[in-house]
Amino acid sequence: MSRKKADLIILNASEMLTLAGGEVPRREVAMSDLGVVSGGALAVKGSRIEAAGSSREILDSWHSKQAIDASGCVVMPGFVDPHTHPVFAGSRENEFEMRIRGKTYEEIAAAGGGILNSVARLRATPTEALYASARARLDLFLEYGTTTVEAKSGYGLSVDDEMRSLQVLKDLARSHPVEIAPTLLGAHKVPPEFAGRRKEYVSLVAGVMIPIAAKTNLAEYCDVFCERGAFTVSESRTILKAAKNAGLGIRIHADQFSASGGSKLAAELGAASADHLEAVSAAGIRMLAGSGAVAVLLPGSSFFLDQSRFAPARKLIEAGVPVALATDFNPGSSMTHSMQIILTLACLRLKMTPAEAITAATINAAAAIGRHDRIGSIEAGKKADIIILSVPNHRYIPYHFGGNHVRTVIKKGKVVIRR
Ligand code: NIG
Ligand code: FE
């Protein structure tokens, strides 16, 4: 029998988590089904997965000069991180210490720290330096098994500085293995020069930033921080409607500190995702369940801000809302690039099972950024974004926490990390 030639085959995984088939995004009990193949294998040609199955099936039909033996390892889709803020200058460990000494995140922000602290620094930083620091952050994402990120601007808050931030993301998307879904977050906070002129700033975002970002293809999505101290529901609606009209997808930082109505707005406007949701109300959950939005939960941020309240993941899952997980990587409220740490926090603090958390970090995360037909699972036809973890089974991933289980990362069929 003649076997077909692959560019790469991976064999003998103790567990291969395919996340294949079924309705996407996954809801309720379907979130628990990882499609585990023990002794799993797959064949890759070019950037694509050609076949996945048992090692016997793959070896019967495929041969390749490059074969990776994944004995004793878990093979799974690369992590998809659907909420990050990687374009910033400097860092905010001083605020970390202020919080330890008793100040809250919102108090620090009201005193001119927080987001505005990072805004001042970004504005004073040349684009090449922004590019270099964001690039180093993407390197870390990749090393920890994240092969695709959604990435926001939001520390520029002027037309030039927001477009500069998005341009950095565009340049990185061309030159770095990590794939990027770019998002305009011009409405992260009203900048100081617009104090007392909020309406004008909302018009600047809606009438200038959004049209430029859409026309120049610098952004795929538009996000708004809908929260007390940031933007009201009505301001958020104005901005997101303009984004929709300009052809951008929409996402919302919703109900983080208060049930401000962000989740309802997400449902009303047909957002791709409603993110945070620590304070979401029962009505908000019902509205999300009836919408197409994915709930992107960010336990790293609740943990890092030392909040007692975490997002009600169990209620969301029971109500039929598809749940995804993200790092929320940013210098203020979640300074981690590790989806592996996020899985542990999701299990312990959101009471998600390891299987649900892995679904939320792969196929559902891909759905949250509109890429579920290309990434997020191991099945023929999808991009070969694969990670090999030195762990005996999938439950071990969140269980042994704090390190990096990644042995090998493959992005679009190429081995990009070997440890
Ligand atoms: O998602 N909530 C708003 N934005 C970020 C925090 C940004 C910052 O503190 O710099 C978040 O948590
Ligand atoms: Fe965020």
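Residues numbered from 1 in each chain as written. Chains lettered and ligands numbered in written order. Predicted model: local features only at pLDDT ≥ 70, side-chain atom pairs only at ≥ 80, totals over all residues. Heavy atoms only, no water.

Chemist: What is the right way to read the overall build of the protein chain from this model?
Modeler: A tally of regular secondary structure across the protein chain gives 16 helices and 20 strands. Here the C-alpha atoms of the protein chain give a radius of gyration of 21 Å, agreeing with the 22 Å that 2.2 N^0.38 yields for 419 residues. If you line up the protein chain on its principal axes, its C-alpha atoms span 75 × 45 × 45 Å. A buried classification covers 59% of the 419 residues belonging to the protein chain. Partitioning the contacts of the protein chain with sequence separation of at least 6, the portion at a separation of at least 24 is 73%. When the accessible surface of the protein chain is split by element, carbon and sulfur atoms take 53% of a total near 15500 Å². Taking the average place of the 49 positive charges on the side chains of the protein chain and the average place of its 41 negative ones, the gap between the two points comes to 2 Å. (Helix = DSSP H or I, 4+ residues; strand = E, 2+ residues; numbered from the N terminus. Rg over C-alpha atoms; globule rule 2.2 N^0.38 Å. Buried < 20%, exposed > 50% of the residue type's maximum accessible area, 1.4 Å probe, protein only. Contact = heavy atoms within 4.5 Å. Areas by Shrake-Rupley, 256 points an atom, 1.4 Å probe, with all protein chains shown as cover. Lys, Arg positive; Asp, Glu negative; His and termini not counted. Charge placed at Lys NZ, Arg CZ, Asp CG, Glu CD.)

Chemist: Looking at this model, I keep getting lost on the pairing of strand β13 (residues 221-226). Mind explaining?
Modeler: The side chains of a regular strand alternate, first on one face of the sheet and then on the other. Among the six residues of β13, six are classified as buried, and the element is accordingly described as predominantly covered. Every second residue of β13 is oriented toward a common face, with Tyr 221, Asp 223 and Phe 225 on one face and Cys 222, Val 224 and Cys 226 on the other, all of them buried. Across three bridges, the pairing between strand β12 (residues 179-187) and β13 is parallel. Note that in β13 the partner of Leu 184 across the bridge is Cys 222. Crossover handedness for the path β12 to helix α7 (residues 198-215) to β13: right-handed. Relative to strand β14 (residues 249-254), β13 runs parallel, the two sharing six bridges. The partner of Asp 223 across the bridge, within β14, is Arg 251. With helix α8 (residues 233-245) bridging β13 and the parallel β14, this β-α-β connection has right-handed handedness. (Pairing = 2+ DSSP bridges. Right-handed = clockwise from strand over helix to strand, strands pointing away.)

Chemist: Whenever I open this one, the environment of Lys 383 confuses me. Can you help?
Modeler: With respect to the element layout, Lys 383 can be found in the loop between α15 (363-368) and β18 (386-389). Given a relative accessible area of 23%, Lys 383 falls into the partly exposed group. Separated by 334 residues in sequence, Lys 383 and Ile 49 have C-alpha atoms that sit 6.0 Å apart. Apart from residues no more than four positions distant in its own chain, Lys 383 is found in contact with Ser 47, Arg 48, Ile 49, Arg 374, Ile 375 and Lys 412. Only 3.0 Å separates the side chain of Lys 383 from the side chain of Ser 47, close enough to count as a polar contact. (Polar contact = N/O pair within 3.5 Å; in protein donor to acceptor, adjacent residues only side chain to side chain.)

Chemist: Explanation requested: the nonpolar core in the structure shown.
Modeler: Here is a general trend for soluble globular proteins: nonpolar side chains tend to be buried in one another's company. Counting 105 residues, the largest nonpolar core has Leu 297, Leu 325 and Met 352 as the members making the most contacts within it. By residue number, the principal contributor to this core is α7, which donates nine residues. Setting aside residues no more than four positions away along its own chain, Leu 297 makes contact with His 276, Leu 277, Ala 311, Ala 313, Leu 316, Val 323, Ala 324, Leu 325, Ala 326 and Leu 350. Counting residues in hydrophobic clusters, the runner-up holds 16 residues, among them Leu 42, Ile 68, Ala 70 and Ile 378. (Core = buried A, V, L, I, M, F, W, Y, C linked by side-chain atoms within 4.5 Å.)

Chemist: Would you take a moment to explain the sheet that holds strand β4 (residues 36-37) for this structure?
Modeler: The strand order β4-β3-β9-β18-β19-β20 describes an open sheet built from six strands, whose pairing is mixed. A single partner strand is all that each edge strand has here, and the edge strands are β4 and β20 (414-418).

Chemist: Which parts of the structure should I look at to understand unusual backbone geometry?
Modeler: Excluding glycine, residues mostly have negative phi values, and the peptide bonds linking residues are mostly trans. A cis amide bond links Val 24 to the next residue, Pro 25, at an omega of 0 degrees. One non-glycine residue, Glu 28, lies in positive phi territory at about 45 degrees. Looking at where Glu 28 falls in the secondary structure, it is placed in the loop between β3 (15-17) and β4. Judged by its relative accessible area of 40%, Glu 28 is partly exposed. A positive phi angle is found at Lys 351, which is not glycine, with a value near 60 degrees. Relative to the helices and strands, Lys 351 is located in the loop between α13 (339-349) and α14 (354-360). On the basis of relative accessibility, which here comes to 53%, the residue Lys 351 falls in the exposed class.

Chemist: Which parts of the structure should I look at to understand the environment of Val 321?
Modeler: Its location among the elements puts Val 321 in the loop between α12 (313-318) and β17 (323-325). Considered as a pair, Val 321 and Ser 2 are 319 residues apart in the sequence and their alpha carbons are 47 Å apart.

Chemist: Please explain the site of ligand 1 as it appears in this structure.
Modeler: Around ligand 1, the surrounding shell holds 15 residues, and the nearest of these are Arg 92, Tyr 105, Tyr 155, His 188 and Ser 333. Between ligand 1 and Tyr 155 there is a distance of 2.6 Å, counted from an oxygen atom to a side-chain nitrogen or oxygen. A distance of 2.9 Å is found between an oxygen atom of ligand 1 and a side-chain nitrogen or oxygen belonging to Asp 328. Protein chains bury 100% of the 330 Å² of accessible surface belonging to ligand 1 in isolation. Counted by class, the shell around ligand 1 contains four nonpolar, nine polar and two charged residues. (Near = heavy atom within 4 Å. Nonpolar A, V, L, I, M, F, W, Y, C, P; charged D, E, K, R; others polar.)

Chemist: Just checking my understanding: could you explain the coordination of the iron ion (ligand 2) for this structure?
Modeler: Each donor-metal-donor angle would ideally measure 109.5 degrees in four-coordinate tetrahedral geometry, or 90 or 180 degrees in six-coordinate octahedral geometry. Within the protein, the atoms that donate to the iron ion (ligand 2) are His 83 (NE2), His 85 (NE2), His 253 (NE2) and Asp 328 (OD), at distances of 2.1 to 2.3 Å. Mapping the donors of the iron ion (ligand 2) onto the primary sequence gives the spacing H-x1-H-x167-H-x74-D. Here the residue His 85 occupies a position in the loop between β10 (79-84) and α2 (93-100), and His 253 occupies one in strand β14, the gap between them amounting to 168 residues. In this pair, the class of His 85 matches that of His 253, namely buried. (Donors = N, O, S within 2.8 Å, 3.2 Å for Na, K, Ca; no water.)

Chemist: Looking at this structure, I do not really get the side chain of Ser 333. What am I missing?
Modeler: Residue placement: Ser 333 occurs in the loop between β17 and α13. Here Ser 333 falls in the buried class, since its relative accessible area comes to 4%. Sequence-distant contacts of Ser 333, defined by excluding residues within four places in its chain, comprise Tyr 105, Gly 300, Ser 301, Phe 304, Leu 305 and Asp 328.

Structural measurements only, silent on function.
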